[in-house]
Amino acid sequence: MTDVEMKPADDKKEEKTTEEEKKPIPLTPVAEIKGNIAFIERAVATLEPRFTHRVLRSLTHLRKRLDDKVLRDAINEVYTNESPTKKALLSWLPQASPEESMDIDAAPQPSKQAQSEPVPEAEVYLRLLILHHLLTSPSTYPKALNLAHDTIEKMQALNRRSMDPIAAKVWYAVERTYELSGELADARPHFLAAQRTAALRHDDETEASLINRILRSYLQYNLYDQADKLVSKTTFPSAAGNPQHARYHYYLGRIKAVQLNYTAAHTNLQQAIRRAPPARTAPGFYQAVHKLTIVVELLMGDIPERSLFRHPVLEKALAGYFEIVKAVRNGSLSQFQNTLSKYAAEFEADKTYTLIVRLRQNVIKTGIRRLSLSYSRISLRDICVKLHLDSEEDAEYIVGKAIRDGVIDGRIVHEKGWMECGGQKSGYGPEVSDVFSRRISYCLELHNQSVKAMRYPLNAHRKELAAAEGAREREKELAKEIQEGGDLDDEGPDLGEGF
């Protein structure tokens, strides 16, 4: 056997130190802001919006690390001392403490004489960061509202197409400012005017953001008819990003659910779940979509899967909805009423209370179905007692409606006051075929959307063409060799008369 050369311990230590040195050191917030502004200037110079989108993708992580000192240092390092833009930006931040000002004076200042003024997009980006920072404290909401108005006027005065991706984020921050200040209805005229302008300029990202802002404003005040008219009169841009599409489908699902169109609502909510960011990235939106989806599925007569309530992000948020699902599944009206009264405040905050109240009929239908499977004949009085109904007349009306809707197979004998239940329905018929048709159409639509979302490497077809050309050349060479070889019977040796 060959001897294996062993590395000394010192070499292993050196490898560990080199691996530790290779790990990237995280940037400070000030350095990250300066790098983002450099990307924005590069995007404006090269007319490539992908650099701006790269900057905006880091906004969620960056705004959690902002404070007054970070923003002041970033503005001081980006702009010269004589810049009027610098003074305007610093006016929205509190003045530095004496200790911080002494530290700034003591630090060696680089020469800024030859430094050029950053592009206007950099100023709007810094305003966006300041606006998000002011929204972290309720005491600064009035100042944030003034900054939002000033930023809107600034963007409309500049009117630059390279600013459109940042403008979409600014409009979200403006809507958040009005909502936290309790004046969301006052922002609606600004959103409508800006949406018309964005549609005329074919600014897809800003238009998608503004349509979602207007829909949220309508739904916040329960103006479902106006929201439905807005959806019918506008066309949502197909080029918008997945987060905007997810919000739009969620709002559509809420509108359709209120309008009793549960199938369309369920389809839109499934699209919202598919297009939404991961659960760890946006847990609030993930929970809101699933809460509404569970209620819609119950209204459609389906029971959600139990594994959904064990999801780590959804387990605590869906505690009340899990109790509602158990009540509907058991057909217990008393359990449903107790759960509804216990979690009423939570359902009101989620804006699903009115939809959950509609589930009362589903609970009763489930209870009647269970009774029809257990009894071949049962009196209306017993039905009234078991389902906790008010009177026998209500029980008769509910049983008659269930028979007419096809929930149970039976008939009511009015003279004797009981319900005779028929045999259990078979698993075949037009209802089953309709269910299979809906499932097949959903799978086909999912397949088409997946094919459209696929991405192929560039020039991949050229490799196949080159392989096909090589195969044709080999066939030509083989045919040429056969022709040059001649007839094998003439050139071969004499094999005898028997061959």
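Residues numbered from 1 in each chain as written. Predicted model: local features only at pLDDT ≥ 70, side-chain atom pairs only at ≥ 80, totals over all residues. Heavy atoms only, no water.

Caption draft 1: Molecular detail of the overall build of the protein. On a plain count of helices and strands, the protein comes out with 26 helices and three strands. A total of 499 residues make up the protein; the buried ones form 37% of that total. Counting only contacts in the protein whose residues sit at least 6 apart along the sequence, the fraction spanning at least 24 positions is 63%. For the protein, the computed accessible surface area is about 30800 Å², with 52% contributed by carbon and sulfur atoms. (Helix = DSSP H or I, 4+ residues; strand = E, 2+ residues; numbered from the N terminus. Buried < 20%, exposed > 50% of the residue type's maximum accessible area, 1.4 Å probe, protein only. Contact = heavy atoms within 4.5 Å. Areas by Shrake-Rupley, 256 points an atom, 1.4 Å probe, with all protein chains shown as cover.)

Caption draft 2: Seen up close, helix α9 (residues 141-158). Over its 18 residues, α9 extends 26 Å from the first C-alpha to the last, a length consistent with the 26 Å expected when each residue adds 1.5 Å. Taken together, the buried residues of α9 touch α8 (120-134) and α10 (164-181). (Expected span 1.5 Å × (residues − 1).)

Caption draft 3: Examining the packing of aromatic side chains more closely. The final tally for this structure, using the stated rule, is eight aromatic pairs. Measuring from centroid to centroid gives 4.1 Å for Phe236 and Tyr248, while their planes differ by 15°, and the two rings are stacked. Within this pair, whereas Phe236 is found in the loop between α13 (224-233) and α14 (242-258), its partner Tyr248 is found in helix α14, the two being separated by 12 residues in sequence. Overall, the relative accessible area of 13% leaves Phe236 in the buried class. Relative accessible area serves as the criterion here: at 9%, Tyr248 is assigned to the buried category. (Phe/Tyr/Trp six-rings, centres within 6.5 Å; stacked < 30°, edge-to-face > 60°.)

Caption draft 4: Structural view of α8. With 15 residues, α8 extends 21 Å between its outermost C-alpha atoms, agreeing within 8% with the 21 Å of an ideal straight helix rising 1.5 Å per residue. With 14 of 15 residues buried, α8 is to be regarded as a mostly interior element.

Caption draft 5: Local environment of the environment of Gly320. As for its position among the elements, Gly320 is in helix α17 (residues 319-330). Residue classification places Gly320 among the buried residues on the basis of a relative accessible area of 0%. Between the C-alpha atoms of Gly320 and Thr339, which are 19 residues apart in sequence, the distance is 7.4 Å. Beyond its immediate sequence surroundings of up to four residues, Gly320 is in contact with Thr339, Tyr343 and Phe347.

Caption draft 6: The arrangement of the nonpolar core in detail. In terms of nonpolar packing, the biggest core is built from 117 residues, with Ile33, Leu129, Ile130, Leu215, Phe336, Ile356 and Ile383 touching the most fellow members. The leading source of residues in this core is α8, at nine residues. With residues up to four places along the chain from it excluded, the contact list for Phe336 reads Ile324, Ala327, Ile356, Leu359, Arg360 and Val363. (Core = buried A, V, L, I, M, F, W, Y, C linked by side-chain atoms within 4.5 Å.)

Caption draft 7: Molecular detail of the packing of α10 against helix α11 (residues 188-200). Viewed as axis vectors pointing N to C, α10 and α11 meet at an angle of 165°, and their least axial separation amounts to 11 Å. Compared by their axis directions, α10 and α11 come out roughly antiparallel. Seen from above, α10 lies across α11 with left-handed handedness. Residues Trp171, Val174, Glu175 and Tyr178 of α10 form the contact with α11, whose participating residues are His190, Phe191 and Ala194. (Axes fitted to C-alpha atoms, helices over the stretch in contact; angles between N-to-C directions. Parallel < 35°, antiparallel > 145°, perpendicular 65-115°, else oblique. Left-handed = near helix turned anticlockwise from the far one by under 90°.)

Caption draft 8: Spotlight on the side chain of Arg127. Here Arg127 lies in helix α8. What makes Arg127 buried here is its relative accessible area of 4%. With residues up to four places along the chain from it excluded, the contact list for Arg127 reads Leu89, Trp92, Leu147, Asp150 and Thr151.

Caption draft 9: Representation of the environment of Thr234. Along the chain, Thr234 falls in the loop between α13 and α14. Classification of Thr234 by relative accessible area gives buried; the value is 16%. Sequence separation between Thr234 and Ile211 is 23 residues, and the spatial gap between their C-alpha atoms is 8.5 Å. In this structure Thr234 touches Gln195 and Ile211, once residues within four positions along its chain are discounted. A polar contact is formed between the side chain of Thr234 and the backbone oxygen of Leu230, at a distance of 2.6 Å. (Polar contact = N/O pair within 3.5 Å; in protein donor to acceptor, adjacent residues only side chain to side chain.)

Caption draft 10: Spatial organisation of a positive patch on the surface. The grouping of Arg306, Arg310, Arg329 and Arg370 at the surface amounts to a positive patch. Counting through the fold element by element, Arg310 comes out in the loop between α16 (283-299) and α17. (Patch = residues over 30% accessible without salt bridge, like charges linked within 9 Å, V, L, I, M, F, W, Y side chains within 5 Å. Salt bridge = Lys/Arg side-chain N within 4 Å of Asp/Glu carboxyl O. Lys, Arg positive; Asp, Glu negative; His and termini not counted. Charge placed at Lys NZ, Arg CZ, Asp CG, Glu CD.)

Caption draft 11: Quick look at the pattern of salt bridges. Considering all chains together, one arrives at 15 salt bridges under this definition. With a shortest N-O distance of 3.3 Å, Arg127 and Glu123 are connected by a salt bridge. Here Arg127 pairs with Glu123, and both are found in helix α8, just four residues apart, close to one helical turn. Classification of Glu123 by relative accessible area gives buried; the value is 7%. One salt-bridge network, held together by shared partners, links Glu175, Arg176, Glu179, Arg213 and Arg216.

Caption draft 12: Representation of the packing of α14 against helix α15 (residues 262-275). Across the interface, α14 lies against α15 with an axial gap of 8 Å and an inter-helix angle of 160°. Taken together, the axis directions place α14 and α15 in an arrangement best described as roughly antiparallel. When you trace α14 past α15, the crossing you get is left-handed. Contact residues: α14 offers Asn242, His245, Ala246, His249, Tyr250, Leu252, Gly253, Lys256 and Ala257, while α15 offers Tyr262, Ala264, Ala265, Asn268, Leu269, Gln271, Ala272 and Arg275. The residue makeup of the contact of α14 with α15, split by class, is nine nonpolar, six polar and two charged. (Nonpolar A, V, L, I, M, F, W, Y, C, P; charged D, E, K, R; others polar.)

Caption draft 13: Spotlight on a negative patch on the surface. Residues Glu469, Glu473, Glu477, Glu481 and Glu484 make up a contiguous surface patch of negative charge. Tracing the chain through its elements places Glu481 in helix α25 (residues 460-485).

Caption draft 14: Structural detail: unusual backbone geometry. Located in the positive-phi region is His202, a residue other than glycine, with phi close to 60°. Inspection of the secondary structure puts His202 in the loop between α11 and α12 (204-220). Phi angles above zero are rare outside glycine, and Leu260 is one such case at about 70°. Tracing the backbone through its elements, the reader meets Leu260 in the loop between α14 and α15. By relative accessible area, Leu260 is classed as exposed at 56%.

Caption draft 15: A look at a nonpolar patch on the surface. A cluster of nonpolar side chains, namely Phe436, Ile440 and Leu444, defines an oily patch on the protein surface of about 310 Å² accessible area. As for its placement among the helices and strands, Phe436 is situated in helix α24 (residues 430-453). We classify Phe436 as partly exposed; its relative accessible area is 46%.

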